[in-house]
Amino acid sequence: MKKGFKFYIALWGAKFGTMLLKLFRRNATFFPGKFALKVCPDFIGKIEKPRTIIAVTGTNGKTTVCNMIEDILKDNNYVFIDNKYGSNIDAGITTTLISGANLMGKAKKDLAVLEVDERSAPKVYPYLTPTYLVCTNLFRDSLMRNAHTEFISGILTKYIPKETTLILNGDDLIASNIAPENKRIYFGIDRLQTDSEKCENIARDIIACPKCNTKLVYDYVRYNHIGKAHCPKCDFKSPEIDYLATNIDLKNMKLTLKNGSLEEEYDLISDNIINIYNIVTVITVLKQIGLSQKQINESLKKQKIVDTRYSEEGVNGIKIITHLAKGMNPIACSRVFDYVRKYKGNKVVILFLDDLHEAANGSENIAWQYDTDYEFLNNDSIKQIIIAGARYLDGYVRLQMAGIDKAKISCQRDEMSALDNIKLDGIETVFILHDLYSMELKESAKKKVEVMIRTKIENKA
Amino acid sequence: MKIEILFPEFCNLFGDMYNMKYLKMCIPDAEFIETALEEEPAFVKEDVNLIYLGPMTENTQEKVIARLLPYKERILELIEKNVVFLFTGNAIEVLGKYIENEDGSKIDGLGIFDVYAKRDMFHRHNSYLIGTYEDIEVIGFKSQFTMMYGDNSKTPFIEVEKGIGINKDSKIEGIKKNNFIGTYLIGPLLILNPLFTKKILEMLGVNNEVALKEDTMSAYEARIRELRKL
């Protein structure tokens, strides 16, 4: 694509802007790209891009997958550009490409790892052809932005370039069917003991066959629409998996990855099924670009799931676990609720799930709460649920709709005051589940709970 | 008491199915029939008291129209017989004259109501609504790719105080004809609106109180105060 005058103005202006922003210690991960796109709308198409581009999209897990791919590549001395600290929409991706190019718009590196928001597909893929495009999964997400999975899978199918090789979650009947004409590689996890024949979740985005409308037969369900299924009437079914994780051994934290006749062992760095999927995704991508089992596993062992998403701390024999549970994202929240109910021992669960941006605007559409499995919190091991924030009254109703005894629920508007109601007797773990925009609140709450535990122990002594 | 939920395997978006779960809590002895798209609806051959259809994807709308078209006369008959219908989200579009795509192509609906919808898949409309239905206030959420056009002033559901009606220039939301109620409002409409749920119970001839009355009322009153401030 011919560059032209506008392109260079956009490039140089963005580079100058980046310099200025950095000089004033401001974040330069979005506005340079926004400026460049304003001046030259097809800028992404004109700038030279790295020879190999790994793009990661999907409803859940794309940030974790990108972070892990980047950390393992770095550990193996690969040089690449990425949007780790930037936005995953067109402006953030443009900023990353600008930072990875010289003043003539030539790519300085051969490899890029880019997280791409699903809804940005129409603004990104007409101009950028990923070598590999990973789709972690497709679930119902923020209904106000993403509507429903058919809309998202539709725009992905429409805009993904035909030359791109797809790396898809074969256990997800929606993600595995995007862009059906593209070359594709499937990853998945073999049947687990915890899989069942009946789905416990509220949200299931593919219950019936999209080809003939007949109800699908699930050989097993893992969660929501993740599992293995076939249509009893036509040929619609889950695909054959190319990279299949088997022998998930949570005791020794190992898994085996089968690819054809090859079987390799890898370390697990998390026992959470979501993170196991993330690990399998990462290994599949890295194998595809030529890393060996040894290279991947040695680096994988050093990885930690970033503690903005998960943290665990022991205070006088009581664990405090903070876990991101993205509000407005029913599946992400449901997975966390499932993890909490299955976590051993008696617990208190604190819910800070309001969207603070929406709250600041005066209200919040809480329809997502009714696609979320609050029912999982109706569990004998959960002794108390504290719900606080702007939507505390809605949350109180939702928890009761889930059949949870009123006596177990403590609800209050003010988040920090609500913590005063925690009952720690017989409790082994306090879970603080928080939204993406509630990091400060989470930290303050964690500190307060720590103090409460210490005070309780001192008073006992 | 028979309540028929149409095509729940497809028409189950935005948490709307909890409207039926809540109704079940309000009328514990009611029989709930879930009819799959491949099955003949129960209302065709037997009397049901309420027919529910929730929001669906755009492709599903076409499947639902094809499924319901043979029963158009029966649906008209049931509306005349004061059977209660609750159609939420874009379900109401199925009964309009047509749905128009961005490229001008049209999908014919059942033509029961003299309205039509226009899709704009590049712009999703999100808003809150507060308005009046009979002597009560109704609140709710909208999240949609379509707007509806046509005259619904003779069959209004909600007079809008804040938010939009069937389109951005309208202050009349939804359609109410006899006991048919169709509204673009999505999500846990009945849970958010205990007073409106009570009206539905009355339409069904049930004297029960709504479930979780005290707590749903507290949330409802708080939301009204909140929306008024916007």
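Here is what the cut-offs are and how they apply
- Just so you know, the residues in each chain are numbered from 1, in the order the chain's sequence is written.
- Here every chain gets a letter starting at A, and every ligand a number starting at 1, in the order they are written.
- Two thresholds apply to this predicted model, a pLDDT of at least 70 for residue-level local features and 80 or more for giving and counting side-chain atom pairs, whereas whole-chain, interface and lining totals are computed over all residues.
- Note on conventions: DSSP H or I runs of at least 4 residues are helices, E runs of at least 2 residues are strands, and numbering of each starts at the N terminus.
- Any residue with 12 or fewer other C-beta atoms within 10 Å of its own C-beta is exposed, any with 20 or more is buried, and the rest are partly exposed; the C-beta atoms used are placed from the backbone.
- Two strands are counted as paired when DSSP detects at least two bridges linking them.
- A residue pair is marked as a contact if its C-beta atoms, positioned from the backbone, fall within 7 Å.
- Here an axis means a line fitted to C-alpha atoms, over the contact stretch when the element is a helix, while the angle between two N-to-C directions is reported on a 0 to 180 degree scale.
- Comment on the angle field: the value is read as roughly parallel under 35 degrees, roughly antiparallel over 145, roughly perpendicular from 65 to 115, and oblique elsewhere.
- Note on convention: near helix rotated counterclockwise from far helix by under a right angle means a left-handed crossing. Clockwise means right-handed.
- Per-residue confidence from the predictor is reported as pLDDT, which spans 0 to 100.
- Note on terminology: a nonpolar core is any set of buried Ala, Val, Leu, Ile, Met, Phe, Trp, Tyr and Cys residues joined through C-beta atoms within 7 Å.
- Domain delimitation in this document rests on an assignment produced automatically or drawn from a domain database.
- Residues were grouped as follows: Ala, Val, Leu, Ile, Met, Phe, Trp, Tyr, Cys and Pro as nonpolar; Asp, Glu, Lys and Arg as charged; and all remaining residues, including Gly, as polar.

**Some words on the overall build of chain B**
Link 1 in the chain: The number of helices and strands found in chain B is six helices and 13 strands.
Link 2 in the chain: With the C-alpha coordinates aligned to their principal axes, the bounding extent of chain B is approximately 45 × 40 × 30 Å.
Link 3 in the chain: Counting across all 230 residues of chain B, residues that qualify as buried make up 51%.

**Quick word on the sheet that holds strand S4 (residues 132–135) of chain A**
Residue and element names in this part refer to chain A.
Link 1 in the chain: One open sheet accounts for nine strands, arranged S2-S3-S1-S4-S5-S6-S9-S10-S11; its pairing is mixed. For this open sheet the edge positions go to strand S2 (81–82) and strand S11 (262–267), each flanked by a neighbour on one side alone.
Link 2 in the chain: Of the strand pairs in this sheet, S4 and strand S5 (residues 165–169) are connected by four bridges, and their pairing is parallel. For Cys 135, the partnering residue across the bridge sits in S5 and is Leu 168.
Link 3 in the chain: In the packing of helix H4 (residues 62–75) onto the sheet, contacts are made with strand S1 (52–57), S2, strand S3 (111–115) and S4, and the angle to S3 comes to roughly 160 degrees.

**Some words on the packing of H4(A) against helix H10 (residues 293–300) of chain A**
Residue and element names in this part refer to chain A.
Link 1 in the chain: Contact pair H4 / H10: the axes reach a minimum separation of 9 Å and the direction vectors enclose 110 degrees. With respect to each other, H4 and H10 are oriented roughly perpendicular. For the element pair H4 and H10, the recorded crossing hand is right-handed. Contacts between H4 and H10 involve Asp 71, Ile 72 and Asp 75 on the former and, on the latter, Ile 296, Ser 299 and Leu 300.

**Overview of the confidence of the model for chain B**
Link 1 in the chain: Overall, the predicted model of chain B reaches an average pLDDT of 96, with 100% of residues at or above 70.
Link 2 in the chain: Across the whole predicted complex the pTM is 0.92, and at the interface the ipTM reaches 0.96.

**Observations concerning the nonpolar core**
Residue and element names in this part refer to chain A.
Link 1 in the chain: Within the largest apolar cluster, 204 residues are counted, with the highest numbers of intra-cluster contacts made by Ile 54, Ile 69, Val 134, Val 349, Ile 350 and Leu 433.
Link 2 in the chain: Looking at which element gives the most residues to this core, the answer is helix H9 (residues 273–288), with eight residues.
Link 3 in the chain: When neighbours within four sequence positions are excluded, Ile 350 is seen to be in contact with Ile 386, Val 430, Phe 431, Ile 432, Leu 433 and Ala 445.

**What to know about the domain arrangement of chain A**
All names here are of chain A.
Link 1 in the chain: Annotation of chain A at the domain level lists domain 1 (4–300) and domain 2 (310–460).
Link 2 in the chain: One C-alpha centre belongs to domain 1, the other to domain 2, and the line joining them spans 30 Å.
Link 3 in the chain: With 15 residues of domain 1 in contact, the opposing surface of domain 2 contributes 14 residues.
Link 4 in the chain: By residue class, the composition of the side of domain 1 that touches domain 2 is seven nonpolar, six polar and two charged.

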